[in-house]
Structures are given as C-alpha cells and as structure tokens.
Amino acid sequence: MSCERTELNLVGFHFGEVEGPERDAIEEHLVTCLDCVKRYVALKRSIELAEAGPAPSELGLARLRAAVAAEVQGPVTRARARWERPLAALAAALVVFFAASAVGQLSMTEGSPPHSLAAARSP
C-alpha cells in the first residue's frame, strides 16, 4: 500500500471505520513506514486534544440552548390585548362601509355599467 493511500485512510483507521483487507494493508504499511506512523500519531494526538479542549462557558452554553429552543419552538406569538379585537373589528367594518359607499357612488353616475346596460336595452 502506498503512503498517499494510507494517509487518506488514517482517520477511518483511527475510528475503526476501515475493516477487512484494507485495514490489514494499513497495519502492514504502518509497521514498515516511519513517516506514516508519525502522521498517524500526530493525527491521533490532534483528535484526542480536540476532544479534551477547552469547554464553552456557562453563559455561552445558556445562550446556545436558548437559541436552539427558540429555533425548535418557532416564533413566539403574543396574546392580543383586550382592546385590539374590537379595534380590528371596527377597522374592518369601516373598510367595508367605505368600499360599499365607493361602489354605490360609482354605479349611480351616468355611463356606469348598470346604467349603460339599461340604456343599451331600451329601444
């Protein structure tokens, strides 16, 4: 087995993901190649040091937990105040009233669609 191929498989070899004849070939190569053994030891140290690295602060963990909880729960909807519903109903009623008034005014003028149709039908 070549050094390049062994180096590509060192991470999988370390975590036990390489099995069978491939694993045997890597083990045989590591016995004979000092450079690959050095690379493997350096890789192993970096993985072990990364796992034993500094832990995040309690404040950082709390912020992370809050952010994850907010993302999982979705947007928070607030309860409507007691006065908001009648105000919304009044606004909707005013919109309907003004829209009906505008349609009534537009249909009462000469040449508007209802009058023009009646004029077209009369002999």
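So, a few notes on the structure that sits alongside this text. Everything quoted here is computed from the prediction, not taken from an experiment.

Moving on to the pattern of salt bridges. Evaluated as defined, the whole model comprises 3 salt bridges. With a shortest N-O distance of 3.6 Å, Glu7 and Arg39 are connected by a salt bridge. Note that Glu7 is positioned in helix H1 (residues 3-8) and Arg39 in helix H4 (residues 34-51), a separation of 32 residues in sequence. In this structure, Glu27 and Arg23 form a salt bridge, with 3.6 Å as the shortest nitrogen-oxygen distance. Of this pair, Glu27 and Arg23 both sit in helix H3 (residues 20-32), 4 residues apart, which is roughly one turn of that helix. By relative accessible area, which is 25% here, Arg23 ends up partly exposed.

The subject of this paragraph is the nonpolar core. In terms of nonpolar packing, the biggest core is built from 10 residues, these being Leu10, Phe13, Val18, Ile26, Leu30, Cys33, Cys36, Tyr40, Leu43 and Ile47. Listed by contribution, the elements that provide at least two residues to this core are helix H2 (10-14), H3 and H4. Top element by residues in this core is H4. It accounts for 4 residues. In this structure Val18 touches Asn9, Gly12, Phe13, Arg23 and Ile26, once residues within four positions along its chain are discounted.

Summed over the entire model, instances satisfying the criterion amount to 2 aromatic pairs. Taking the centre distance of 5.5 Å and the plane angle of 70° together, the rings of Phe13 and Tyr40 count as edge-to-face. One end of the pair, Phe13, is in helix H2; the other, Tyr40, is in helix H4, and 27 residues separate them in sequence. With 5.5 Å between their ring centres and 65° between their planes, Phe97 and Phe98 make a pair best called edge-to-face.

Basis of the calculations
Residues numbered from 1 in each chain as written. Predicted model: local features only at pLDDT ≥ 70, side-chain atom pairs only at ≥ 80, totals over all residues. Heavy atoms only, no water. Salt bridge = Lys/Arg side-chain N within 4 Å of Asp/Glu carboxyl O. Helix = DSSP H or I, 4+ residues; strand = E, 2+ residues; numbered from the N terminus. Buried < 20%, exposed > 50% of the residue type's maximum accessible area, 1.4 Å probe, protein only. Core = buried A, V, L, I, M, F, W, Y, C linked by side-chain atoms within 4.5 Å. Contact = heavy atoms within 4.5 Å. Phe/Tyr/Trp six-rings, centres within 6.5 Å; stacked < 30°, edge-to-face > 60°.

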